[in-house]
Amino acid sequence: MTAPDAARPPEQSHDTNIWKVAAASFIGTAVEWYDFFLYGTAAALIFNRLFFPSFDPLVGTLAAFATFAVGFVARPLGGIIFGHFGDKLGRKSMLSATLMIMGVATFAIGLLPTYERIGVWAPILLVVLRILQGFGLGGEWGGAVLMAVEHAPAHRRGFYGSWPQMGAPAGLLVANAVFSIFSRLPEEQFVSWGWRVPFLFSAVLIGIGVFIRHSVAESPAFRAHQAQAAATQASASSGAKLPALEALRTYPRQILLAMGARFAENGFFYIVTTFVLTYGTGQLKLERSTMLTAVLGATAVHLLVIPAFGALSDVLGRRPVYLGGAVGCAVLAFPFFWLLDTQSTGLIWLAITLGIIAHAAMYGPQASFFSELFGTRVRYSGASLGYQLASVFAGGLSPLIATALLTESGGKSWPVSLYMVVLALITLVSVYLSAETFREHLTESTSTAPTGGAVGTGEKREVA
């Protein structure tokens, strides 16, 4: 029997323009990822020469990727702090702050003197700014996906939740496109000033992102939580005094499984889009523009297939789609490098595109899947912890580990392929052990404490 409109949970109300919310989440997230990915591209192609010139080229690349990894280490801290205030004060209020932090750090990198000018202070300042980038992005993801998922109708959460996920390939696409343009400058001009322009361009994008996000209403699920708390004579902030600690105490299994689910998705992505630039230009001696163009083409495909997999998870469930992507990553681990080693432009495009599609099968349903694992009052903190803690061990370290494996094996790719298989196995086990969540409401009773039952959230829920 269908409930009357007045009794519908907030996630199914029709008083919010979901397309506006989805577009705002997408654009704001795209700006944040532009800043974050820009660093990865520069680390692969130029930072070893600018900030670590006294090292052997490959060792310099390792050092550059180490600073790349530092940003991932800072992401859980951003997730904890912004998750705390996002669960107490609301999702919307955190998003502009994270955009500004990221924008200031990225703009400052574009102004940073190199090792030749200020010596050891150059890499030190680079690390500090990378930490700020990671801190901002760590707080960004949880708020962006919850705004989309908590506004969406119950039967379309996978699709609309994929919109902020689309921001990642959009940011990568724009970052690589802008960097590719300036990388075509004469070498002397590119090294002296050309690499700086994409970082300085961030200021324009941040202004656009803040303006768009300012017009979006607060999440209905969070507003309902506030109303329920007020009705029981308790403030919304008193529901979870320390949301991150409560999430760790009441949802430890969900956080660990979400972390495991990210290993293949996160690690595979940075190998396919960041490490591949080093492998192509350093190991295979291909032109920088050839590799950047291949990544751009695959990223355009990525942008299109993410919402398709998100929508598919609304029909089949989150787990089957996610598991399919993890299997795809394992199957492609060795053929990926075999195709690259042909040095054929067409086969290089094919390798990167197939890798991106396998990743999208996990990334599309991920926002809704992770959001559905946690109760409203700690959802920002819980989802952020699972997402960001894994990024330290998976995405943050994968280019560094892959480069180290390549170095130790004398340039052979098979150890990197084995590493990719291990990542896929961790994700397969984690998703298999997770509960299916796509038919559950996001609303909950404020008097119901999580119990970590079979549903995976421990909430009192209804079937959508």
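Conventions we followed
Residues numbered from 1 in each chain as written. Predicted model: local features only at pLDDT ≥ 70, side-chain atom pairs only at ≥ 80, totals over all residues. Heavy atoms only, no water. 1 Å grid on protein atoms, 1.4 Å probe; cavity = no way out; pocket = protein on both sides within 12 Å on 5 of 7 lines; lining within 4 Å. Points joined across faces, edges and corners; volume = space filled by probe spheres on them. Helix = DSSP H or I, 4+ residues; strand = E, 2+ residues; numbered from the N terminus. Nonpolar A, V, L, I, M, F, W, Y, C, P; charged D, E, K, R; others polar. Phe/Tyr/Trp six-rings, centres within 6.5 Å; stacked < 30°, edge-to-face > 60°. Buried < 20%, exposed > 50% of the residue type's maximum accessible area, 1.4 Å probe, protein only. Core = buried A, V, L, I, M, F, W, Y, C linked by side-chain atoms within 4.5 Å. Expected span 1.5 Å × (residues − 1). Bend = angle between axes of the 7 residues up to and from the residue.

Visitor: Any chance you could explain the layout of surface pockets here in plain terms?
Guide: Any space left empty among the atoms is revealed by the rolling of a water-sized probe across them. Of the pockets and cavities examined, the second largest pocket occupies roughly 190 Å³. Residue lining of the second largest pocket: R49, L50, P53, P113, T114, Y115, E116, R117, V191, S192, W195 and R196, and that is the complete set. Going through the elements one at a time, helix 2 (47–51), helix 5 (115–118) and helix 8 (187–194) are the ones with two or more residues in the lining of the second largest pocket. Broken down by element, the lining of the second largest pocket gets its largest block of residues, 3 residues, from helix 5. Here the residues of the lining of the second largest pocket are counted per class, giving 6 nonpolar, 2 polar and 4 charged.

Visitor: I keep staring at the packing of aromatic side chains and nothing clicks. Help me out?
Guide: The final tally for this structure, using the stated rule, is 26 aromatic pairs. Here the aromatic rings of F51 and W195 are separated by 6.2 Å at their centres, their planes lie at 85 degrees, and the arrangement is edge-to-face. With F51 in helix 2 and W195 in the loop between helix 8 and helix 9 (196–200), this pair connects stretches of sequence that are 144 residues apart. Both residues of the pair, F51 and W195, belong to the buried class. Ring geometry for F336 against F337: centres 5.1 Å apart, planes inclined by 85 degrees, an arrangement best described as edge-to-face. Taken together through their ring pairs, the aromatic side chains of W19, F26, F159, Y160 and W163 make up a single cluster.

Visitor: What's the story with the nonpolar core in this structure? I'm lost.
Guide: Nonpolar side chains in soluble globular proteins tend to end up buried together. Formed by 124 residues in total, the largest nonpolar core has its most connected members in F47 and I352. The element contributing the most residues to this core is helix 1 (residues 18–45), with 16 residues.

Visitor: Hey, could you run me through helix 16 (residues 345–371) in this one?
Guide: Count 3.6 residues to each turn of an α-helix, and residues three or four apart come out pointing the same way. Relative to the 39 Å expected for 27 residues at 1.5 Å per residue, helix 16 spans 39 Å between its end C-alpha atoms, a close match to the ideal helical length. At P365, helix 16 shows its largest bend, some 45 degrees. Counting buried positions along helix 16 gives 20 out of 27 residues, so the element sits mostly inside the fold.

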